[in-house]
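# A closer look at the structure
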Amino acid sequence: MSITIIIILSFSFVFILGFTKIFKRLRSLNTDYDFAYEFRNKFNEFANKYFEHADGIYQRGELDSTLYTWLMMNANKIQSILGRIGILHYIGPFQRYEVPNYQVVLNTLPKFRAGTIEAFDVHYTDDCLLRYLGSMENGIKKVQPSLKNPIIWLKQGFQELFSLPLYILNWFGILSDKSILKITANAFFVILTGFGGLIAFLSGVVTIIQGKDQTIELIRKIWPTFLQ
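A brief report on the enclosed structure follows. (Residues numbered from 1 in each chain as written. Predicted model: local features only at pLDDT ≥ 70, side-chain atom pairs only at ≥ 80, totals over all residues. Heavy atoms only, no water.)

### Quick notes on the overall build of the chain
- Helices and strands together make up the secondary structure of the chain, namely 10 helices and two strands.
- When the helices and strands of the chain are read in sequence order from the N terminus, they spell out α-α-α-β-β-α-α-α-α-α-α-α.
- Expressed as a percentage of its 228 residues, the buried residues of the chain come to 33%.
- Summarising the internal contacts of the chain: among those between residues at least 6 apart in sequence, 66% fall at separations of at least 24.
- Just so you have it, the chain exposes about 14,800 Å², and 62% of that area is on carbon and sulfur atoms. (Helix = DSSP H or I, 4+ residues; strand = E, 2+ residues; numbered from the N terminus. Buried < 20%, exposed > 50% of the residue type's maximum accessible area, 1.4 Å probe, protein only. Contact = heavy atoms within 4.5 Å. Areas by Shrake-Rupley, 256 points an atom, 1.4 Å probe, with all protein chains shown as cover.)

Written out as structure tokens, the structure is:
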């Protein structure tokens, strides 16, 4: 196998690796968005039913057990997905008390069963879900064009390739998932991998150009009318 074929196959692998990474990222964003959208709809349906039959004095309403069970079973998942958006500095009724680092969903849902829920608790929760959905829409719009940009595939592919030693260390338990995320998100690592990828790409192109006749012959085997 000639060096030209090896280089072309290597670049093809990097392109596919980068495209796959971007595709999986977009799919993950869409999955989280769809789940948050469903959770918000069910939460609002549940809250509306509750307050529809709530006592005007004690605000104790009627629980829809089916919706409440679904919401509670998925509370930890949505709270984790919300991240910092789902945590706030909570101020109680009439500013009688404050709770820092208040996890909105996990603290709001049990109040329905206890009969201590207030309208502003529901508003807090819905606002957090809306903010998250808005943030996700922006994230999806930013990632979508990358699926049509081969340059970004190449860049992402090289980043994944250079991250391989980190994943191996993670597999052996030497590095944690959190450490890998921190390293790969570091500006120095991004610049280093981008510069290394650029050098590798240019070196490969130069090598292919030097063996131009072999490269054209290889392409013509795949695309017979090339340069005719």
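From this point, things continue past the structure.
### Quick notes on the packing of helix H7 (residues 164-171) against helix H8 (residues 177-184)
- Contact geometry of H7 with H8 gives a least axis separation of 10 Å together with a crossing angle of 165°. Taken together, the axes of H7 and H8 lie roughly antiparallel to each other. Here H7 and H8 pass one another in a crossing that is right-handed. From H7, Leu166, Tyr167 and Asn170 reach across to H8, where they touch Asp177, Ile180, Ile183 and Thr184.
- Within the contact of H7 with H8, the residues separate by chemical class into four nonpolar, two polar and one charged. (Axes fitted to C-alpha atoms, helices over the stretch in contact; angles between N-to-C directions. Parallel < 35°, antiparallel > 145°, perpendicular 65-115°, else oblique. Left-handed = near helix turned anticlockwise from the far one by under 90°. Nonpolar A, V, L, I, M, F, W, Y, C, P; charged D, E, K, R; others polar.)

### Considering the nonpolar core
- Core analysis: the largest hydrophobic core is formed by 31 residues, its most contacted members being Phe39, Phe43, Ile78, Val105, Leu109, Phe112 and Tyr132.
- Elements supplying a minimum of two residues to this core: helix H1 (3-52), helix H2 (65-73), helix H3 (75-82), helix H4 (104-114) and helix H5 (119-143).
- Here this core gets 11 residues from one element, more than from any other, and that element is H1. (Core = buried A, V, L, I, M, F, W, Y, C linked by side-chain atoms within 4.5 Å.)

### A look at the pattern of salt bridges
- Per the counting criterion, the structure on display carries five salt bridges.
- Lysine 21 is the partner of glutamate 160 in a salt bridge, and the nearest nitrogen-oxygen pair spans 3.8 Å. Within this pair, whereas glutamate 160 is found in helix H6 (residues 150-162), its partner lysine 21 is found in helix H1, the two being separated by 139 residues in sequence.
- Of the residues examined, lysine 21 reaches a relative accessible area of 35% and is grouped as partly exposed.
- Across the salt bridge formed by lysine 49 and glutamate 45, the nearest N and O atoms sit 3.5 Å from each other. With lysine 49 and glutamate 45 both in helix H1 and four residues apart, the pair spans about one turn of that helix.
- You can call glutamate 45 partly exposed: its relative accessible area is 39%.
- Shared partners join several salt bridges into a network, and the residues in it are Glu45, Lys49 and Asp64. (Salt bridge = Lys/Arg side-chain N within 4 Å of Asp/Glu carboxyl O.)

### Section: the packing of aromatic side chains
- Taken as a whole and judged by the stated rule, the model has 17 aromatic pairs.
- Plain terms: the ring middles of tyrosine 90 and phenylalanine 120 are 6.2 Å apart, the flat faces sit at 35° to each other, and that makes the pair tilted. Taken as a pair, tyrosine 90 in strand S1 (residues 87-91) and phenylalanine 120 in helix H5 lie far apart in primary sequence, 30 residues in all.
- In this structure phenylalanine 120 comes out as partly exposed when scored by relative accessible area, which is 24%.
- Centre to centre, the rings of tryptophan 171 and phenylalanine 172 are 4.9 Å apart; their planes meet at 85°, and the pair counts as edge-to-face. You'll find tryptophan 171 and phenylalanine 172 in the same group, each marked exposed.
- The structure contains a cluster of three or more aromatic residues connected by ring pairs, namely Phe43, Phe46, Tyr50, Phe51, Tyr68 and Phe112.
- In this structure, lysine 42 packs its charged tip against the face of tryptophan 70, placed 5.1 Å from the ring centre. (Phe/Tyr/Trp six-rings, centres within 6.5 Å; stacked < 30°, edge-to-face > 60°. Lys NZ or Arg CZ within 6 Å of the ring centre and 35° of its normal.)

### Focus on the packing of H6 against H7
- Where H6 meets H7, the axes come as close as 4 Å, and the angle between the chain directions of the two elements is 40°. By the criterion of interaxial angle, the relationship of H6 to H7 is oblique. Between H6 and H7, the residues in contact are Glu160, Leu161 and Phe162 and Leu164, Pro165 and Tyr167, respectively.
- Here the contact of H6 with H7 is composed, by residue class, of five nonpolar, no polar and one charged.

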